[in-house]
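Commentary on secondary and tertiary structure
Residues per chain, in single letters:
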Amino acid sequence: MPEIVALLRDDILGQGREGDSLAPYFQAFDQIGAESNNALLVGVDETRAAGMQVVATYQLICMSGLSMQAARRAEIENVRVHSDLRGQGVGALMFADAERRARDAGCIMLQLTTNKAREDAQRFYARLGFSADHIGYKKLLG
């Protein structure tokens, strides 16, 4: 868990919003594991120092819906690649894995949101074939 949280912090937005206590992250991890359509995936590089190191992570949530002829869709969230490995194909491998998992779960669409400040991420998503044809809104609930 410390390595996953470090990845979440290693980003222009995560630096200021991730906490120091690991307790809520472990609780969330347990909740994700209890939800059948929700998965937290990590990429590990066993050649790095200390034997194994988490170098990438993403969360995949598959959900059913009524629109688009009752299409099932997948949401990819919390996508992070270790800063040392960005631009080396790790993210593309993660997204290929996410697409395969989403298709296997019967999803016809993979969707995501990204913060407007993440311009590099936006270019990356466009290269992978994602279109920025929707507007996303978020509201923090107290």
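Scroll up to find the structure this text is about.
Report follows, based on the coordinates. (Residues numbered from 1 in each chain as written. Predicted model: local features only at pLDDT ≥ 70, side-chain atom pairs only at ≥ 80, totals over all residues. Heavy atoms only, no water.)

1. Describing the overall build of the protein chain
Scanning the protein chain from terminus to terminus reveals six helices and four strands. For the protein chain, the N- to C-terminal ordering of α and β elements is α-α-α-β-β-α-β-α-β-α. Over its C-alpha atoms the protein chain spans a radius of gyration of 16 Å, differing by no more than 12% from the 14 Å that the globule rule assigns to 142 residues. With the C-alpha coordinates aligned to their principal axes, the bounding extent of the protein chain is approximately 50 × 35 × 30 Å. For the protein chain, buried positions account for 31% of its 142 residues. (Helix = DSSP H or I, 4+ residues; strand = E, 2+ residues; numbered from the N terminus. Rg over C-alpha atoms; globule rule 2.2 N^0.38 Å. Buried < 20%, exposed > 50% of the residue type's maximum accessible area, 1.4 Å probe, protein only.)

2. With respect to the layout of surface pockets
A water-sized probe rolled over the atoms picks out the places where empty space is left. Size it by volume and the second largest pocket reaches roughly 340 Å³. Forming the walls of the second largest pocket are 13 residues, and the residues nearest its centre are L8, Y25, A28, Q59 and N78. Counting residues per element, the ones that place at least two in the lining of the second largest pocket are α1 (2-9), α3 (23-34) and β3 (72-81). With four residues, the single largest contributor to the lining of the second largest pocket is α3. (1 Å grid on protein atoms, 1.4 Å probe; cavity = no way out; pocket = protein on both sides within 12 Å on 5 of 7 lines; lining within 4 Å. Points joined across faces, edges and corners; volume = space filled by probe spheres on them.)

3. Describing the packing of aromatic side chains
According to the stated counting rule, one finds five aromatic pairs in the structure shown. Aromatic pair F95 and F124: ring centres 5.7 Å apart, planes at 75°, arrangement edge-to-face. Of this pair, F95 sits in helix α5 (residues 90-104) while F124 sits in helix α6 (residues 119-127); the two residues are 29 residues apart in sequence, bridging distant segments of the chain. Residue F95 is classed as buried on the basis of its relative accessible area of 1%. Ring centres 5.6 Å apart and planes at 80° place the aromatic pair F95 and F130 in the edge-to-face group. In this pair, F95 is assigned in helix α5 and F130 in the segment after α6, connecting sequence segments 35 residues apart. The class for F130 is buried, based on a relative accessible area of 19%. (Phe/Tyr/Trp six-rings, centres within 6.5 Å; stacked < 30°, edge-to-face > 60°.)

4. Concerning the nonpolar core
Core analysis: the largest hydrophobic core is formed by 21 residues, its most contacted members being Y58, L60, I76, F95 and L110. Elements that contribute at least two residues to this core include exactly β2 (53-64), β3, α5 and α6. The element best represented in this core is β2, accounting for five residues. Once residues within four sequence positions are removed from consideration, F95 is found in contact with I76, V79, L110, L112, F124, Y125, L128 and F130. (Core = buried A, V, L, I, M, F, W, Y, C linked by side-chain atoms within 4.5 Å. Contact = heavy atoms within 4.5 Å.)

5. A look at α6
By the burial criterion, the buried members of α6 are A121, F124 and Y125. All buried residues of α6 lie within an arc of 95° about the axis, which places them on one face of the element. Looking at α6, the residues exposed on the side facing more than 90 degrees away from the buried face are E119, D120 and R127. Buried residues in α6 make contact with β3 and α5. After α6 finishes, the residue G129 shows a positive phi value of roughly 100°. (Arc of directions from axis to C-beta.)

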